[in-house]
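A structural walkthrough
Now for the letters of each chain:
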Amino acid sequence: MVKRQNSRYTNGNGTTHHREELPPRGPVESLIYWRDVKKSGIVFGSGFSVLIAMSLFSLISVFSYVSLIVLFGTVSFRIYKNVMQAVQKTSEGHPFKEYLDFDLNLSQEKVQQLTTVAVAHVNALLSELRRLFLVEDLVDSIKFGVVLYCLTYVGAIFNGMTCVIIAFIALFTLPKVYENNKQSIDAYLDLVKSKIVEVTEKVKAAVPIGGKKADSDKDK
């Protein structure tokens, strides 16, 4: 959810207006919410082009061609800067010195933190899959089965790379759409959730789940 902060500003006519200010975000959130249109456009265009290329060619070919293009660009720029320095008789140094001095090493603490988060997510996923496949909750397992059944149709229509492309496009569009239409979307989501809860309660009341019915019979 996006929390907005209201502030006031006065125009030249002396009229006071309310303005919503968005809180600062991390680099990834800034990209997917298009805070800087130029940066988000570059990342989205580059990623989308690579994914399209991967859907048409092999991963090795895409990696090789993209690497060749990048290498050609850096070598050409390095030669150009060397020629300009020789002509102008200047000494600006290596054109990529800022990036060469950038520390890319991962600290041990960072690696441990990432590993801990990854292991926690894997354990949570395994526990949830065990709960669903072993029918700890009948309704949840039935809903899981419906989702799997729908995925069979998705798999028949789209391949894996197409799903990745759709997910990538959704990552750069849905958050911004939700942010701009938050109230109306939340209203529809609340309506859908209430209907789902209502149907779930009816199913639970009609279908005996686990040993609840047996326990109630014993009590009687």
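See above for the structure.
**Quick word on the overall build of the chain**
- Looking only at helices and strands, one finds nine helices and two strands in the chain.
- Within the chain, buried positions represent 11% of all 220 residues.
- Counting contacts in the chain only where the partners sit at least 6 residues apart, residues at least 24 apart contribute 42% of the total.
- Accessible surface, the chain as shown: approximately 17800 Å² in total, 65% of it carbon and sulfur.

**Considerations on helix 6 (residues 138–157)**
- Across its 20 residues, helix 6 extends 29 Å between first and last C-alpha, which sits within 8% of the 28 Å expected from 1.5 Å per residue.
- The inward-facing, buried residues of helix 6 contact helix 5 (108–133) and helix 8 (182–206).
- Two or three places before Val-139, at the opening of helix 6, Asp-137 has a side-chain oxygen 3.1 Å from that residue's backbone nitrogen.

**Structural notes on the packing of helix 7 (residues 160–180) against helix 8**
- For the pair helix 7 and helix 8, interaxial distance at closest approach is 5 Å and the crossing angle is 100 degrees. Of the possible angle classes, the one that applies to helix 7 and helix 8 is roughly perpendicular. Here Val-177, Tyr-178, Glu-179 and Asn-180 of helix 7 come into contact with helix 8, specifically with Lys-182, Ile-185 and Asp-186.
- Taken together, the residues of the contact of helix 7 with helix 8 sort by class into three nonpolar, one polar and three charged.

**Some thoughts on the environment of Gln-85**
- Assignment of secondary structure puts Gln-85 in helix 3 (residues 59–88).
- A distance of 3.1 Å separates a polar atom in the side chain of Gln-85 from the backbone oxygen of Gly-93.

**A few points about the packing of aromatic side chains**
- Throughout the structure, instances matching the rule amount to nine aromatic pairs.
- A centroid spacing of 5.4 Å and a plane angle of 55 degrees characterise the contact between Phe-44 and Phe-172, whose relative ring orientation is tilted. Placement of Phe-44 in helix 2 (residues 37–56) and of Phe-172 in helix 7 is noted, with a sequence separation of 128 residues between them.
- On the basis of relative accessibility, which here comes to 21%, the residue Phe-44 falls in the partly exposed class.
- Three or more aromatic residues joined by ring pairs form one cluster here, namely Trp-34, Phe-44, Phe-48, Phe-168 and Phe-172.

**Some points on the packing of helix 5 against helix 6**
- Interhelical geometry of helix 5 versus helix 6 gives an angle of 100 degrees and a closest axis separation of 8 Å. For the element pair helix 5 / helix 6, the angle class is roughly perpendicular. Residue-level inspection shows Leu-129, Arg-131, Leu-132 and Phe-133 of helix 5 in contact with helix 6, the latter providing Asp-140, Ser-141 and Phe-144.
- Classifying every residue of the contact of helix 5 with helix 6 gives four nonpolar, one polar and two charged.

The rules behind each value
- Residues numbered from 1 in each chain as written.
- Predicted model: local features only at pLDDT ≥ 70, side-chain atom pairs only at ≥ 80, totals over all residues.
- Heavy atoms only, no water.
- Helix = DSSP H or I, 4+ residues; strand = E, 2+ residues; numbered from the N terminus.
- Buried < 20%, exposed > 50% of the residue type's maximum accessible area, 1.4 Å probe, protein only.
- Contact = heavy atoms within 4.5 Å.
- Areas by Shrake-Rupley, 256 points an atom, 1.4 Å probe, with all protein chains shown as cover.
- Expected span 1.5 Å × (residues − 1).
- Polar contact = N/O pair within 3.5 Å; in protein donor to acceptor, adjacent residues only side chain to side chain.
- Axes fitted to C-alpha atoms, helices over the stretch in contact; angles between N-to-C directions.
- Parallel < 35°, antiparallel > 145°, perpendicular 65-115°, else oblique.
- Nonpolar A, V, L, I, M, F, W, Y, C, P; charged D, E, K, R; others polar.
- Phe/Tyr/Trp six-rings, centres within 6.5 Å; stacked < 30°, edge-to-face > 60°.

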